[in-house]
Amino acid sequence: MDKKPVKNGRAGGFNLLSFVIEHREIPLLGVLVLLLAGVSIAVPGYFSGNYMNILKNSSMNLVMASGMLCVLLIGSIDISVAAVLELAAAIAGVLMRDSKISSMIGMFAIGIGVGALIGFVNGAVMSFGRVLPIIVTLGMTYLARALIPMDFILGMNKIARIDLTDYFKEFILHEYLGIPVIVYIALAVVVIMGLFLKYTPVGRSIYATGSNEEAARMRGVKVKWIKVLAHVICGGMAGMAGIMRLGYYNAIEKGAANGQEMYVIAACVLGGVSVMGGYGKITGVVIGALLIATIDSAIPQLFMNATMMKEFFKGILILMAILLNVLLQRAATKRNLKGRDI
Amino acid sequence: MPQASQPLLEMRNITKIFPGVRALDGVSFDLRPGEIHAIVGENGAGKSTFIKVLTGVHQPDGGEIILDGRPIVMSNPNVAIHHGIAAIYQHAASYPDLSVAENIFIGHEFKTGPFVSWIKARRAAQKLLDEIGANFSPNASVGSLSVAQQQMIEIAKALSQNARILIMDEPTAALSKKESEELYSIARGLRDKGVAIILISHRFEDIFGLADRCTVFRDAHYIGTWGIDEVNESLLVHHMVGHAIEHYYPERDPHPGEEILKVEHLSRTGYFKDVSFTLRAGEIVGLTGLVGAGRTEVVEAVCGVTRFDSGTVTVEGKPQHFRDPRDSMDNGIGLLPEDRQKQGLLLPWSINRNITLPIIDKCSKAKLFLSGKSERSISNKEKDQLAIKAPDVETAAGTLSGGNQQKVVIGKQLAASSRIIILDEPTKGVDIGSKAAIYELMAELASQGVGILMISSEMPEVMNMSDRIYVMSEGRVTKEFTNVKDLTQQQILEAAMPQERTA
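These numbers come from a predicted model, not from an experiment. (Residues numbered from 1 in each chain as written. Chains lettered and ligands numbered in written order. Predicted model: local features only at pLDDT ≥ 70, side-chain atom pairs only at ≥ 80, totals over all residues.)

Visitor: How should the overall build of chain B be read in this particular structure?
Guide: Within chain B, the regular secondary structure consists of 17 helices and 24 strands. Taken over the C-alpha trace, chain B has a radius of gyration of 25 Å; the compact-globule value for 503 residues is 23 Å, and the two agree within 12%. Each principal axis of the C-alpha distribution contributes one length, and for chain B these read about 75 × 55 × 50 Å. For chain B, the residues scored as buried account for 49% of the 503 residues in total. (Helix = DSSP H or I, 4+ residues; strand = E, 2+ residues; numbered from the N terminus. Rg over C-alpha atoms; globule rule 2.2 N^0.38 Å. Buried ≥ 20, exposed ≤ 12 C-beta atoms within 10 Å, placed from the backbone.)

Structure, rendered in structure tokens:
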């Protein structure tokens, strides 16, 4: 069902163009495989030595990108996710430091709750106040950072290793079957998000809203609430990533995740998600996030001027991905028009 | 005054075909210098397409355009402007934040070296405004001016480009009586200076007050051209509606039941006022009028797409004020919007997904997981019932023809099992075969007890399908016809024409 190319209304059978239009992440997977193969040949032992690190490092981004996927699908954007991550981690961290909370579930509940609440405010202001998403979330970026409690509680400036319980510090990186918990969490989020988007009525409504908001509304989709919900999910995922980060680095401070929102958006765009809304898949997002992480890890092995080359590759890939998306979209439209029986 | 000179512009056998429709079929037209020539016809007769062909927006599929005795290819709007053909549209496409002078000269600015000289532009704008007798400053910001004044700017803009042929599309539609008079005198002044004017209007006052000659289009065909003193109102209406009544309307035996929808004194500031109508189960009611009469706005307000300010909506005995299309749907009302591409369908989506979207909750197990099987069984049923021409239900809606797209939209509504169905221009852009199928379906639904409210501008459709007819004009219901049998198209059209109200 998933792998079946969509029929173009006339000719049956396999059609490469149709297939690529429906699976825009496939070319990207090719790039990822090529890059991994290249670096593995150039630097023997690279893959086995580094790949778990790549996965660990990208697990937080994967969780955030899953949330970002929801808001991009409805044609919105959220640039406050990095600030929300910091705020959620800081609040949970302060609560743990003050011994108000010690359980793992409690930490995640606080993190997701804080993020979801902020996502709700974002979505509600957009939906009911009709303010542009980029403006709302830009404002929220400042607001969330301002709310980070560290500056005024006890003069402390950050949450550090000693503030956290041993159990918490140990758990996130504890390995089962050679894979750390943090990777399992990301995997679970990605799988659940994929199922949610593809197989639930709400997921279908998210795609409908992004594809044609007016038609969706006329067909009975409560588009305003769908938009709020997408932002709640995105905020919640950012908060969850905050707890993961706290467990991974055992520290959080204001501005620690600065710039990560762009990393997350880049992963989505690279993965073929349309910033206009309506098109995008979790598989693409996963490949996009892994590709960016792989570039960050592999390029220093290959080139002397690592920073410059990393940025060069990421920039080129993003531009190419967007161009490819536009071209495929055009091809899809043309194909649709051709099928019209006149 | 009109002179019997050689035509300035001649259009011969113009044909334009859009996907699924012939918008113009061998239409001819000629224009002499210094005359005002009106083009009249019902909505959809091909007037707008004709103008778009003349101004280079659309390329004709056949025929030729002859200007000053030489054939010309209007390959794009700039060619038309270059030849002195300028159009002034009903909704002036101006830049509200810029000044009058900037609006007039944007795109062909005065230059001093590489720089734009706004001083020269202002002076020239003042001269143009004086010429047409407009009494506002070239420095005024356009957003602060009235619609009539904005139209004067459009005229000034056309003159600044040395227009010899001026096209005015429904110029008085949004103007008061006094403003219209002012526009008339500007138009007459231009004519006397040798400018040829093509006037598109629904208003008989415009046509008989201003035009020298008059050409009628009907159903994409050229009907004829007359000097204005050779025709009168009823003759024009006769030519506009014709008497070609098709025989593809189904036989019906209506048995209206309970009153299921009652709208009383519904008003929305700026859109419609004091609108009342009723609908019974098993009844087909036509709501007609000219484009812009407020019909769509009324039904959108009833269904919660937009709001209404005052009045009541009663559905099956219960007063309702829907806030969202979802609410009205849950109460058994289905609205099929006029603009299918924009409001009705998700074009990249499959027929299957389009049909099941309104009832997505019902296609899932425990409202949580979608069941592909139940989705497909519902949409296959609708596809068979409506005879949607497509290989299967996974075909993208965007690949279908207009008629089949309309069937998918209707299918969506049927799947949602509505008891009241409101169709907004159900056969617009639909080929004859699909039209018949849609009429058949409407009759079938009515016989099952569904109440159908049909908005339509097509007179034959309104007269042959409706059990009762309401006519709207300028935001009000002007007439209700309960006896449709003895009705003539003239009667409906007279009620639909804007009246000068004594107020």
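Next comes the rest of the description.
Visitor: Just checking my understanding: could you explain the overall build of chain A for this structure?
Guide: Secondary structure summary: chain A contains 14 helices and four strands in total. Against the 2.2 N^0.38 benchmark of 20 Å for 342 residues, chain A shows a C-alpha radius of gyration of 21 Å, consistent with a compact globule. On the principal axes, the C-alpha backbone points of chain A span a range of 75 × 55 × 35 Å. Each of the 342 residues in chain A was classed as buried or not, and the buried ones make up 46%.

Visitor: Honestly, the nonpolar core in this entry has me stumped. Any pointers?
Guide: Burial of nonpolar side chains together is a common tendency in soluble globular proteins. Judged by nonpolar contacts, the single largest core of 245 residues is most densely connected at A:Met68, A:Leu69, A:Cys268 and B:Leu166. For this core, the element with the highest residue contribution is helix 11 (residues 223-249) of chain A, accounting for 15 residues. Excluding anything up to four places from it in sequence, A:Cys268 contacts A:Ala65, A:Met68, A:Leu69, A:Leu72, A:Val273, A:Gly280, A:Val285 and A:Gly288. (Core = buried A, V, L, I, M, F, W, Y, C linked by C-beta atoms within 7 Å. Contact = placed C-beta atoms within 7 Å.)

Visitor: I tried to follow the interface of chain A and chain B on my own but got confused; where do I start?
Guide: By convention, interface size is frequently given as the accessible area that disappears when the constituent parts associate. Chain A puts 25 residues into the contact, and the matching count from chain B is 37 residues. Broken down by secondary-structure element, the contributors of at least two residues to the side of chain A that touches chain B are helix 9 (201-211), helix 10 (213-218) and helix 14 (306-339) of chain A. Of the residues belonging to the side of chain A that touches chain B, the class tally is nine nonpolar, eight polar and eight charged. (Nonpolar A, V, L, I, M, F, W, Y, C, P; charged D, E, K, R; others polar.)

Visitor: Can you help me understand helix 6 (residues 133-147) of chain A in this one?
Guide: Side chains of residues three or four places apart in an α-helix project in the same direction, reflecting 3.6 residues per turn. Residues and elements named next belong to chain A. Counted at 1.5 Å a residue, the expected span for helix 6 with its 15 residues is 21 Å, and the 20 Å between its end C-alpha atoms agrees. Regarding helix 6, the residues found buried are Pro133, Val136, Thr137, Met140 and Ala144. Buried residues of helix 6, seen end-on, are gathered within an arc of 85° and therefore sit on one face of the element. Residues of helix 6 that are exposed and point over 90 degrees away from its buried face: Ile135, Tyr142 and Ala146. Looking at the buried positions of helix 6, the neighbouring elements they touch are helix 4 (81-97) and helix 5 (104-129). (Expected span 1.5 Å × (residues − 1). Arc of directions from axis to C-beta.)

Visitor: Sorry, what's going on with the environment of A:Val181 here?
Guide: Residues and elements named next belong to chain A. Tracing the chain through its elements places valine 181 in helix 8 (residues 181-199). Note on valine 181: 18 C-beta atoms within 10 Å, which makes it partly exposed. Sequence separation between valine 181 and lysine 56 is 125 residues, and the spatial gap between their C-alpha atoms is 9.2 Å. Every residue in contact with valine 181, bar those within four places of it in the chain, is listed here: Phe171, Ile172, Leu173 and His174.

Visitor: Just to check I follow, could you spell out the pairing of strand 3 (residues 36-40) of chain B for this structure?
Guide: Side-chain positions along a regular strand alternate between the two faces of the sheet. Residue and element names in this part refer to chain B. In terms of burial, strand 3 is a largely internal element, five of the five residues being buried. The two faces of strand 3 match: Ile36, Ala38 and Val40 on one face and His37 and Ile39 on the other face are all buried. Sheet topology places strand 3 next to strand 10 (residues 196-200); four bridges connect them, and they run parallel. Among the inter-strand pairings, isoleucine 39 is bridged to a residue of strand 10, identified as isoleucine 200. (Pairing = 2+ DSSP bridges.)

Visitor: How should I be thinking about the pairing of strand 24 (residues 476-481) of chain B in this particular structure?
Guide: Residues and elements named next belong to chain B. Of the strand pairs in this sheet, strand 23 (residues 468-473) and strand 24 are connected by five bridges, and their pairing is antiparallel. Across the sheet, the residue bridging to methionine 472 is valine 477, located in strand 24. Where strand 23 folds back on strand 24, the antiparallel hairpin that results is connected by two residues, among which glutamate 474 adopts a positive phi of roughly 50°.

Visitor: I'm lost on the packing of helix 3 (residues 46-73) of chain A against helix 12 (residues 260-270) of chain A in this one. Help?
Guide: Between two packed helices, what matters for the description is the angle formed by their axes and the separation of those axes. Residue and element names in this part refer to chain A. Axis separation between helix 3 and helix 12 bottoms out at 9 Å; the angle between their running directions is 65°. When the axis of helix 3 is compared with that of helix 12, the two are roughly perpendicular. Both helix 3 and helix 12 take part in a crossing whose hand is right-handed. Contact residues: Asn61, Met64, Ala65, Met68, Leu69 and Leu72 in helix 3; Tyr263, Val264, Ile265, Ala267 and Cys268 in helix 12. (Axes fitted to C-alpha atoms, helices over the stretch in contact; angles between N-to-C directions. Parallel < 35°, antiparallel > 145°, perpendicular 65-115°, else oblique. Left-handed = near helix turned anticlockwise from the far one by under 90°.)

Visitor: Where do I start with unusual backbone geometry in this structure?
Guide: Peptide bonds are, in most cases, trans, and in most cases residues other than glycine have a negative phi. Positioned with a positive phi, A:Arg130 is a non-glycine residue whose angle comes to about 55°. Summarising the element assignment, A:Arg130 is placed in the loop between helix 5 and helix 6. On the neighbour-count criterion, A:Arg130 (8 C-beta atoms within 10 Å) is exposed. We note that B:Glu474 has phi near 50°; this positive angle belongs to a residue other than glycine. Along the chain, B:Glu474 falls in the loop between strand 23 and strand 24. On the basis of neighbour counts, which here come to 18 C-beta atoms within 10 Å, the residue B:Glu474 falls in the partly exposed class.

Visitor: Honestly, the sheet that holds strand 13 (residues 259-268) of chain B in this entry has me stumped. Any pointers?
Guide: Each strand in a sheet pairs with its neighbour through backbone hydrogen bonds, running either in the same direction (parallel) or in the opposite one (antiparallel). Residue and element names in this part refer to chain B. If you trace the four strands from one edge of the open sheet to the other, you get 14-13-16-17, paired in antiparallel fashion. In the strand order of this sheet, the two ends are held by strand 14 (272-280) and strand 17 (318-320), each with one partner. Put simply, the sheet's adjacent strands are angled 20° from each other on average, direction ignored. Sitting on the sheet, helix 9 (residues 295-302) touches strand 13, strand 14 and strand 16 (310-315), and the angle it makes with strand 13 is about 115°.

Visitor: Would you mind showing me how to read the confidence of the model for chain B here?
Guide: Any residue range with low pLDDT should be treated as having predicted coordinates unsuitable for detailed reading. In this model, chain B carries an average pLDDT of 83, and 92% of its residues clear a pLDDT of 70 or more. What the predictor reports for the complex is a pTM of 0.71 with an ipTM of 0.71. (pLDDT = per-residue confidence, 0-100.)

Visitor: In this structure, what is going on with the sheet that holds strand 6 (residues 85-88) of chain B? I would like to understand it.
Guide: All names here are of chain B. The strand order across the open sheet built from six strands is 6-9-10-3-11-12, with neighbouring strands paired in mixed fashion. This sheet does not close on itself; its edge strands, each paired only once, are strand 6 and strand 12 (221-227). Pairs of neighbouring strands in the sheet enclose a mean axial angle of 20°, with direction left out of account. Pairing geometry for strand 3 and strand 11 (residues 213-218), over four bridges, is parallel. Looking at the pairing, alanine 38 lines up with cysteine 214 of strand 11. Across the sheet, helix 5 (residues 147-160) lies against strand 6 and strand 9 (165-169), angled at about 175° from strand 6, the strand it touches most.

Visitor: Is there a simple way to think about the environment of B:Ile200 in this case?
Guide: All names here are of chain B. Position of isoleucine 200 relative to the elements: it lies in strand 10. Taking the C-alpha atoms as reference points, isoleucine 200 and tyrosine 89, 111 residues apart in sequence, are found 9.9 Å from one another. Excluding its chain neighbours within four sequence positions, the residues that come into contact with isoleucine 200 are Ile39, Lys47, Ile51, Met168, Asp169 and Glu170.

Visitor: Help me out: how do you make sense of the packing of helix 12 of chain A against helix 13 (residues 282-302) of chain A in this one?
Guide: Residues and elements named next belong to chain A. Contact geometry for helix 12 and helix 13: axes closest at 7 Å, N-to-C directions at 125°. In this view, helix 12 runs oblique relative to helix 13, as classed from their interaxial angle. Crossing of helix 12 over helix 13 shows right-handed handedness. Across the interface between the two elements, Tyr263, Ala266, Ala267, Cys268 and Leu270 of helix 12 pack against Val285, Gly288, Ala289, Leu291 and Ile292 of helix 13. Residue composition of the contact of helix 12 with helix 13, grouped by class: nine nonpolar, one polar and no charged.

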